[in-house]
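Breakdown of the fold
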Amino acid sequence: VAEAEAAAGAAGDLAALRAAIEAFPHIRHREGARRIVFSGGTPGAPLMIVGEAPGRDEDVEGEPFVGVSGQLLDRMLGAIGRDRRDPGADRGVYLTNVQHYRPPGNATPEPEEVAMLAPFLRRHIALAAPRIVVAMGNTPLRALTGQAGITRRRGTWIEDGPVPVMPTFHPAYLLRRPEGKAGAWADLQAIRDRLAAG
Ligand code: URA
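What this report covers is the structure whose coordinates are included nearby. Computed from a predicted model, the values in this text were never measured in an experiment. (Residues numbered from 1 in each chain as written. Predicted model: local features only at pLDDT ≥ 70, side-chain atom pairs only at ≥ 80, totals over all residues. Heavy atoms only, no water.)

Observations concerning the packing of helix α1 (residues 2-9) against helix α5 (residues 111-128)
Selection rule: Axes, fitted as lines to C-alpha atoms, cover a helix only where it is in contact. Angles between the N-to-C directions of the axes lie from 0 to 180 degrees. Starting at the N terminus, helices and strands are each numbered in turn, a helix being any DSSP run of H or I of at least four residues and a strand any DSSP run of E of at least two. For classification purposes, an angle smaller than 35 degrees is called roughly parallel, one larger than 145 roughly antiparallel, one from 65 to 115 roughly perpendicular, and anything else oblique. Should the near helix be turned anticlockwise from the far one by less than a right angle, the crossing is left-handed, and should it be turned clockwise, the crossing is right-handed. Any two residues having at least one pair of non-hydrogen atoms within 4.5 Å are treated as being in contact. Under this grouping Gly is polar, as are all residues other than the nonpolar Ala, Val, Leu, Ile, Met, Phe, Trp, Tyr, Cys and Pro and the charged Asp, Glu, Lys and Arg.
Contact geometry for α1 and α5: axes closest at 8 Å, N-to-C directions at 20°. On the basis of the axis angle, α1 is roughly parallel to α5. For α1 against α5, the interelement crossing comes out right-handed. Contacts between α1 and α5 pair A4, E5, A7, A8 and G9 from the former with M116, P119, F120, R122 and R123 from the latter. Residues belonging to the contact of α1 with α5 are distributed by class as follows: six nonpolar, one polar and three charged.

Description of the sheet that holds strand β2 (residues 47-51)
Heads up, the condition is: Following DSSP output, two strands are said to pair if at least two bridges run between them.
Spatially, the five strands line up as an open sheet ordered β1-β3-β2-β4-β5, and their pairing is mixed. The sheet terminates laterally at β1 (40-41) and β5 (165-168), the two strands that pair on one side only. When β2 meets strand β4 (residues 132-136), the two strands line up parallel, connected through four bridges. In the strand pairing of β4, L47 is matched with I132.

Thoughts on the pairing of strand β3 (residues 94-97)
Note the following rule: Only protein chains enter the accessibility calculation, which uses a 1.4 Å probe; a residue is then buried when its area is under 20% of its type maximum, exposed when over 50%, and partly exposed in between.
In β3, alternate side chains face the same way, and those of Y94 and T96 on one face and L95 and N97 on the other are all buried. Of the pairings in the sheet, the one linking β1 to β3 comprises two bridges and is antiparallel in character. Across the sheet, the residue bridging to G41 is Y94, located in β3. Summarising the sheet, β2 and β3 pair through four bridges and their orientation is parallel. Note on β3: the bridge partner recorded for G51 is N97.

Some details on the site of the ligand
What counts is decided by this rule: Summary of the distance rule: residues count as near a molecule or strand when at least one heavy atom falls within 4 Å of that molecule or strand. Think of a polar contact as two N or O atoms within 3.5 Å of one another; within protein, one of them needs to be a possible hydrogen donor and the other a possible acceptor, and neighboring residues in sequence only count if both atoms come from side chains. With residues, only the protein chains shown are counted as cover, and all accessible areas are computed by Shrake-Rupley using a 1.4 Å probe.
All residues adjacent to the ligand are G51, E52, A53, E58, P64, F65, N97 and H170. N97 has a polar side-chain atom sitting 2.7 Å from a nitrogen atom of the ligand. Contacts to the ligand include H170, whose side-chain N or O atom sits 2.7 Å from an oxygen atom. Here the ligand, which alone exposes 240 Å², has 92% of that area covered by the protein. When grouped by side-chain class, the residues that make up the shell around the ligand number three nonpolar, three polar and two charged.

A few points about the pattern of salt bridges
Inclusion rule: By definition, a salt bridge exists where a carboxyl oxygen of Asp or Glu is found within 4 Å of a side-chain nitrogen of Lys or Arg.
Counted according to the given criterion, the structure contains twelve salt bridges. Through salt bridges that share partners, E63, D74 and R84 make up one connected network.

In structure tokens form, the structure reads like this:
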């Protein structure tokens with residue numbers, strides 16, 4: 001983790017951070033993945049979405065959230081007036097994941113792996129400088145707070161870091177458990193209202 005802190009901290013911009021991750025010797029799953037999936041959407045957008053890890057479609061395309069979960073995510077973002085293809089601050093969004101290489105079988109990253117990747121995520125947030133971060137599911141919640149428990153923690157802003165974080169359900173979870181959609185919609189409205197408040 002100390003090595004990750006040093007490597008992440010030395011990156012002065014997003015391109016350098018991407019290169020630091022590609023060069024970091026302790027990242028698992030790189031061998032099994034086709035490519036790094038670093039980020040998507042508009043760097044510098046006021047809203048930054050953090051997911052878990054690329055899946056098969058993301059690994060093929062090199063872009064986060066392009067598979068079935070991503071299609072639901074795009075509809076969720078559209079419902080609060082956000083579009084990853086829109087470069088404007090009033091509609092734009094920036095997307096990344098805790099883990100940048102597809103794990104075999106889409107396995108959930110281990111807590112130790114998440115702890116090692118957390119300095120890269122914190123640096124990514126600092127360099128992208130969003131006004132709000134959305135932690136989609138337990139993996140980004142764990143990376144940013146050290147704890148999981150998304151069902152209990154969703155819907156409440158985490159205000160103790162440099163940028164306010166809203167934890168909410170991951171779209172893949174919502175596809176399996178549609179009863180979570182009411183909570184996710186409440187969280188999206190809170191995000192929209194906070195962005196609108198300026
Ligand atoms: N699920 C994620 O968490 N991230 C992606 O990029 C795709 C699916």
